[in-house]
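Survey of secondary and tertiary structure
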Amino acid sequence: MTPVPGADFGVAPSGGRKPRSRREAAIAGPVDVPELVVTHGPRGATVNGTHIAADPVDADPTGAGDMFSAGYLAARAAGAEPVEAGRNASTLVSELLSN
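All right, on to the environment of Pro 34 then. Within the element layout of this structure, Pro 34 appears in the loop between α1 (19-28) and β1 (37-39). Take Pro 34: its relative accessible area is 76%, and that puts it in the exposed class. With 14 residues separating them in the primary sequence, Pro 34 and Asn 48 have C-alpha atoms 8.6 Å apart.

Before going further, it helps to examine the packing of aromatic side chains. How two aromatic rings sit relative to each other is set out by the distance from centre to centre and by the angle between their planes. For the structure on display, the rule yields one aromatic pair. Considering the side-chain rings of Phe 68 and Tyr 72, the 6.4 Å spacing of their centres and the 15 degrees angle between planes classify their relative orientation as stacked. Here Tyr 72 and Phe 68 lie together in helix α2 (residues 64-77), a separation of four residues that amounts to about one turn.

If the charged atoms of two oppositely charged side chains come close together, the side chains can form a pair. Within this structure, the stated rule accounts for one salt bridge. For the salt bridge of Arg 76 with Glu 35, the shortest nitrogen-to-oxygen distance reads 2.5 Å. Separated by 41 residues along the polypeptide, Arg 76 in helix α2 and Glu 35 in the loop between α1 and β1 bring together distant segments of the chain. Glu 35 sits in the partly exposed class, given a relative accessible area of 24%.

Here we come to the nonpolar core. Proteins that are soluble and globular tend to have nonpolar side chains buried together. One finds Ala 45, Val 47, Ile 52, Ala 64, Phe 68, Tyr 72, Ala 75, Ala 80, Ala 85, Ala 89, Val 93 and Leu 97 forming the largest nonpolar core, which totals 12 residues. Apart from the residues within four sequence positions on either side, Ala 80 is in contact with Ala 75, Ala 85 and Asn 88.

Rules used in this analysis
Residues numbered from 1 in each chain as written. Predicted model: local features only at pLDDT ≥ 70, side-chain atom pairs only at ≥ 80, totals over all residues. Heavy atoms only, no water. Helix = DSSP H or I, 4+ residues; strand = E, 2+ residues; numbered from the N terminus. Buried < 20%, exposed > 50% of the residue type's maximum accessible area, 1.4 Å probe, protein only. Phe/Tyr/Trp six-rings, centres within 6.5 Å; stacked < 30°, edge-to-face > 60°. Salt bridge = Lys/Arg side-chain N within 4 Å of Asp/Glu carboxyl O. Core = buried A, V, L, I, M, F, W, Y, C linked by side-chain atoms within 4.5 Å. Contact = heavy atoms within 4.5 Å.

Right, here's the structure in full:
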């Protein structure tokens with residue numbers, strides 16, 4: 001298994017390892033995907049190797065990753081390219097958390 005650089009794959013919120021996740025990844029094996037999106041919490045996200053900064057927001061970030069995913073998928077469904085969709089999603093999350 002090749003870990004994704006910068007991804008928090010297999011790390012529990014407590015900082016402990018999640019061995020089940022690694023076992024599941026080993027069973028699945030390499031996956032050929034046309035897009036790779038990794039969220040980094042308040043540090044933004046990476047879309048196909050391009051870092052997208054997050055606007056600083058002084059709010060509870062609960063659900064921000066879900067909001068990002070929804071915004072990203074909506075933008076892609078509307079025809080946006082991956083990096084553009086990531087930027088749209090990041091802006092959406094900042095706006096929603098700021099209100």
